[in-house]
Amino acid sequence: MAHTERIALPSPTPGTERHLVVHRFGAPGARPKVWLQAALHADELPGILVLRHLTERLARADRDGRIAGEIAVVPFANPIGLAQHVGGYLVGRYALDGAGNFNRAFLELRAPLADAVKDRLTGDANDNVALIRSAAAHLLERRRALDESEVLKLTLQRHAIDADIALDLHCDDQAALHLYVVPQQASALHDLAARLGATAVLTAADSGDVPFDECLSRPWRHLAEAYPDKPIPSDGCLAATIELRGKTDIDDSTAARDAGALFDWLQSRGIIAGTAPPAPAALCEPTPLDGVDVVKAPHGGLWVPAVAPGHRVAVGDTLGTLISPAHQGSDVALRTRVAGVLFARSSPGLVRPGDRVAKIAGAEPLPDRTGNLLGD
Ligand SMILES: [Zn+2]
């Protein structure tokens, strides 16, 4: 039956302590294990409402004995960021103490894990999965962290590392629903994207940093390639970052629909008993993350967008205008160099030189899109 766990983080200052909450459904230790979390970027809040709706449905399913595996739901994955109010604004993407982006720099396990299991892999896929999960857990257990943000990341990674499925719910500034996945899992997650109505599914084998989803999904592919003579599933953990539209897209009926899509998808994978309705046709095919045209402001000014998220644009289309308040006649139309769906953009307002104002999902890799593909 459902139960709720409270995980304390270390006290950063006298008289202060934060904690995570994990709602667990199904039988502890049962497979498949699913990990769902929201608001790791603490100012990206639509996922909190989606998980509220999903939790209600999971609780009913659990009461009816219909959960075959174990489902863990973390309604807010970043209590540190949730407390970062500055000048009346919630600032939840970066730790204000200088510890960086909350969804970067999770522990990279590929090389140490390959080393840890190299002499112990067998010809049995199930044994290898169990070995890899246990070795990964051991590596994370040995890791020490003192800084509160580092402890938070390590705690999330430790609890999710043995999951069969992990979904991390985020959102962009203004956006249509889109997903980030590793390429080898794009087909397995195709149904999920279709059920959620995703307008873009962006794939990268290595985004250039270690966000939460990739710290869980990437090691499996690496191990399968490092030991091709051993049976190792490259989707030992199916993981995705789901961008639930824009920051202000917090709407009860939309969240209920998103929660329904997640519930149906989990049901279609046999984690919840019953027959899920068929998935609708997908709205998009996966496209490479290094094919995304990240349009930047060439100078500071007032960004006035002209294309709504979710709309398809052609090469050379104007996406919006950069107004230079001091110089009449020097306004600049910002255009895209690819054809595809504009899946995210900056809110209208003041931008600085180099700020990313729009992202378009192009179908082909762009030569200058290398290194850190997610940006910071
Ligand atoms: Zn985010």
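Just above, that's the structure.
Cut-offs and rules
- Residues numbered from 1 in each chain as written.
- Predicted model: local features only at pLDDT ≥ 70, side-chain atom pairs only at ≥ 80, totals over all residues.
- Heavy atoms only, no water.
- Buried < 20%, exposed > 50% of the residue type's maximum accessible area, 1.4 Å probe, protein only.
- Helix = DSSP H or I, 4+ residues; strand = E, 2+ residues; numbered from the N terminus.
- Pairing = 2+ DSSP bridges.
- Expected span 1.5 Å × (residues − 1).
- Polar contact = N/O pair within 3.5 Å; in protein donor to acceptor, adjacent residues only side chain to side chain.
- Donors = N, O, S within 2.8 Å, 3.2 Å for Na, K, Ca; no water.
- Tetrahedral: all angles 85-135°; square planar, octahedral: opposite > 155°, others 65-115°.

Counting buried positions along strand 13 (residues 238-246) gives nine out of nine residues, so the element sits mostly inside the fold. Here strand 9 (residues 165-172) runs beside strand 13; their pairing, made up of seven bridges, is parallel. Paired with His170 across the strands is Glu243, a residue of strand 13. Judged from the three bridges that link them, strand 11 (residues 178-181) and strand 13 form a sheet pairing that is antiparallel. From the neighbouring strand, His178 faces strand 13, where its bridge partner is Glu243.

Moving on: helix 5 (residues 148-160). Given 3.6 residues per helical turn, the α-helix brings residues three or four places apart onto the same face. For helix 5, with 13 residues, the first-to-last C-alpha span of 18 Å sits near the 18 Å given by 1.5 Å per residue. Most of helix 5 sits inside the fold, with ten of its 13 residues counted as buried. Buried residues of helix 5: Glu148, Ser149, Val151, Leu152, Lys153, Leu154, Thr155, Leu156, Gln157 and Ala160, and no others. Measuring from the backbone nitrogen of Ser149 back to the side-chain oxygen at the start of helix 5 gives 3.0 Å, which picks out Asp147 as the cap.

What follows covers the coordination of the zinc ion. Only His41 (ND1), Glu44 (OE), Glu44 (OE) and His170 (ND1) from the protein reach the zinc ion as donors, at distances of 2.0 to 2.7 Å. Coordination at the zinc ion comes from four donor atoms whose angles at the metal span 53 to 141°, giving a geometry best classed as irregular. One chain supplies every donor for the zinc ion, spaced along it as H-x2-E-x125-H. Taken together, the positions of Glu44 in the loop between strand 3 (33-38) and helix 1 (46-63) and His170 in strand 9 put the pair 126 residues apart, joining distant regions of the chain. When sorted by exposure, Glu44 lands in the same class as His170, which is buried.

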